Amino acid sequence: MTKFKTKLIAFDIRTVAEGTIPSAESLIEELAALEPSDAPARQRLVDALRIFGFPLVKQLLNRKLETQDLRDIYAVLKSRQLREKHDSKIARKEFEAALIGMLEDSSPEVREAAAVAIHKLDVHDALPQLKTQLYETRTVGMGKALAAMARAIGEFGTMSQLARLAPIIDRESEDSDVVIAAANAIKQIAIRDTSGVSPRLTAMLTHERNWQVRLAAVEGIGEIGLEIGLTNLYSRLDDDVLDVQQAAIEAMGKIGSGDALPTLEATLRRPSMTPDEVRYACAKAIVKIKCKTDSQTINRILRSETNLYLLLAALEETKANAGVDLSLVKSHLPHDVPAVRKSAVGAVGRIGSAADVDVLLIRLSEEDAEIQAQAALSLTILLSNVRSEDRIALLSPHQTTLLEKLDDENRDVRLHVGLLIATTWEEAFFQELVDKLASGNPRARGIAANTINMLKHPDYLPHLLTRFEEETDEEVKKALIAAIASLGDRANIGTLLGALHDGQWEVGQAAAAAIAKLATTHETVMLRQMLGDQKFYVYQAAAKALGKLPGNFPELLTLLESNNPVVREAMAGALLEIGSRENQLTSTIAQLLQVRQPEIISAIAEHFVKQEEAPAGDQENA
């Protein structure tokens, strides 16, 4: 019998049903100790874990398991997943019904929270009530709630709502937030209706009192992408607000019609009073439109164009166009204008090959810090498509240069070089990064800790702990805490506890988050003590951790009555975690809604949003 088989029997089906199934991490730890077996069994487990979105599944691809082990695991996990899915479906349906009722609540804050939740969760059944409230309610203090309702209508309303939204925009006494929300709702509905440019959008283009209404109209016409909107967009090139001008130009680029080129080219060559942002937007639109019909547009511009805005736009557009001549891109690396050099460095990173690594490394010695940062980022992007061993071979000769850049005065340079080191790490960097932790320069210590955090190599831990005992700089302390927590060793909780009440509150907040990440049932008593702390970040972290552990529901429920909204929200999130895990989400939500407060409504909505987003993110991990 394998070690994992013994473990499976040890926690038995009853404890699984109570929601105490091991985490993905602990499960994988057990799997790592297994002896090899047949490939079909290995694949079956991988498929089972993917259903649950367990992270680190890639680590299992080389593991082989016994068929019976797999059948037991799969049956338990599948059964639990089905129960959770069923409970969650019922809970969400009842919560959505409660939200619709809350749109008539006496509290504007509750109405607003309900409308925001309806928007987030796409509660289509709420549409009739939303319309009634938005079109007929004009109560003092209802501005934010009505704006939230308008945003919800924009999310899933239909063309039939446009006629009712338009008067809201034109009403002089209307709250500005509501006007903007209504304008954006019209834009969203018009974009969904592909039959043509809505006359409502055209009318909004000349709205005088609120420029954001004009902005919504311009964006809508651009998204719809029909040439019939071009004539209306031309008038916005003289708008009083720069954002509207730029949006109109970007919309012309999205529509992609050659008819807009004369107007865009004339605007590009206006007198010098034209803002740089407008000229650059024109250049980008011109290049985008020309590229649609001429695949050699970018090469032609790079070969002979003298207009800086067109040159910058062409270099930027390399990411979306095949057939760009890399030698023409590199010919601009020594350009007199720093912005052009930076754009050329970025383009080499996007379309270059391993042969261009030395070209980019030279740019790390540029005087311009922005170009140095771009060079480091471009190296990271370029090397992401190169095999690990080849990355090491390419960068090892430049190890000293890279490590020196960790001391650079420019934060972006330090961060991008740190990322580059982390993605190409080898043993040769180890001692140098340890030395950086003891540097007299806090910038170097901080970026060394951040780089180690990305590496997640356990050999760094003793050096991190030693540095943490001596560190005084706030930013470095935060970086060290993150690096220590990333290694996942519970033995470090004692060190982190000492930082909870650091004189610099952000350090304490980082320590609290780290403790929540590392804590297990062994720290339950400590976490419950943390709930009584007066610092919000301490009890927030404690609640988050306790929500992942069994047996804490009653204690957290009593704190739901707190006068502090931050406490209520933290406790609500923790209770939802427990309710979901124990297949009691419906009853948990019913208990939470007895304390009808905006932050609790928000926490419940966020719980369902995370459930919707989890499969995509987890599948990525898988």
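Coordinates for the structure precede this section.
What you are looking at is a predicted structure, and each value in this text was computed from that prediction instead of being measured.

Details of the overall build of the protein chain
So, step 1. Regarding its fold elements, the protein chain presents 36 helices and 0 strands.
So, step 2. Sorting the 622 residues of the protein chain into buried and exposed places 50% on the buried side.
So, step 3. When the accessible area of the protein chain is evaluated, it comes to approximately 29100 Å², of which 50% is carbon and sulfur surface.

A short note on helix α32 (residues 536–546)
So, step 1. Along α32, 8 of the 11 residues are buried, which leaves the element largely enclosed by surrounding structure.
So, step 2. Three or more residues of α32 are buried, namely Y537, V538, Y539, A541, A542, A543, A545 and L546.
So, step 3. Each element contacted by the buried residues of α32 is listed here: α30 (505–518), α31 (524–530), α33 (553–558) and α34 (565–581).

Comments concerning the pattern of salt bridges
So, step 1. Counted by the stated rule, this structure contains 26 salt bridges.
So, step 2. Across the pair E96 and R92 runs a salt bridge whose closest N-O atoms are separated by 2.9 Å. Placement of the pair is E96 and R92 together in helix α4 (residues 67–102), with a separation of 4 residues, close to one helical turn. The exposure classification of E96 matches that of R92, with both residues buried.

Let's talk about the packing of helix α15 (residues 276–293) against helix α16 (residues 297–304)
So, step 1. Where α15 contacts α16, the two axes come as close as 8 Å, and the packing angle between them is 130 degrees. By the criterion of interaxial angle, the relationship of α15 to α16 is oblique. For the pair α15 and α16, the contacting residues are V287, K290 and C291 in the first and T297, I298 and I301 in the second.
So, step 2. Split by residue class, the contact of α15 with α16 holds 4 nonpolar, 1 polar and 1 charged.

Here's the deal with a nonpolar patch on the surface
So, step 1. Side chains of W505, F536 and V566 sit close together on the surface and give an oily, nonpolar patch of about 260 Å² of accessible area.
So, step 2. Along the polypeptide, V566 turns up in helix α34.

Cut-offs used in this document
- Along each chain, the written sequence defines residue order, and numbers are assigned to residues from 1.
- It should be noted that, the model being predicted, local features are given only for residues of pLDDT at least 70 and side-chain atom pairs only at 80 or more, the latter also being counted only at that level, while totals for whole chains, interfaces and linings use all residues.
- Values shown for side chains rest on all heavy atoms present in the structure; no hydrogens or waters enter the calculation.
- Each helix corresponds to a stretch of at least 4 residues labelled H or I by DSSP, and each strand to a stretch of at least 2 residues labelled E; elements are numbered beginning at the N terminus.
- Only protein chains enter the area calculation, which uses a 1.4 Å probe; residues under 20% of their type maximum are buried, those over 50% are exposed, and those in between are partly exposed.
- We get accessible surface area from the Shrake-Rupley algorithm with a probe of 1.4 Å; when it comes to residues, only the shown protein chains can shield them.
- Residue contacts are defined here by distance: any two heavy atoms, one from each residue, within 4.5 Å place the two residues in contact.
- A pairing counts as a salt bridge when a side-chain nitrogen of Lys or Arg comes within 4 Å of a carboxyl oxygen of Asp or Glu.
- Note on definitions: angles span 0 to 180 degrees between N-to-C directions of axes, and those axes are lines fitted to C-alpha atoms, for helices only across the stretch in contact.
- For classification purposes, an angle smaller than 35 degrees is called roughly parallel, one larger than 145 roughly antiparallel, one from 65 to 115 roughly perpendicular, and anything else oblique.
- When residues are sorted by character, Ala, Val, Leu, Ile, Met, Phe, Trp, Tyr, Cys and Pro go into the nonpolar class, Asp, Glu, Lys and Arg into the charged class, and all the rest, Gly among them, into the polar class.
- Patches in this entry comprise residues that are over 30% relatively accessible and not in a salt bridge; like charges within 9 Å are linked, as are nonpolar side chains (Val, Leu, Ile, Met, Phe, Trp, Tyr) within 5 Å.

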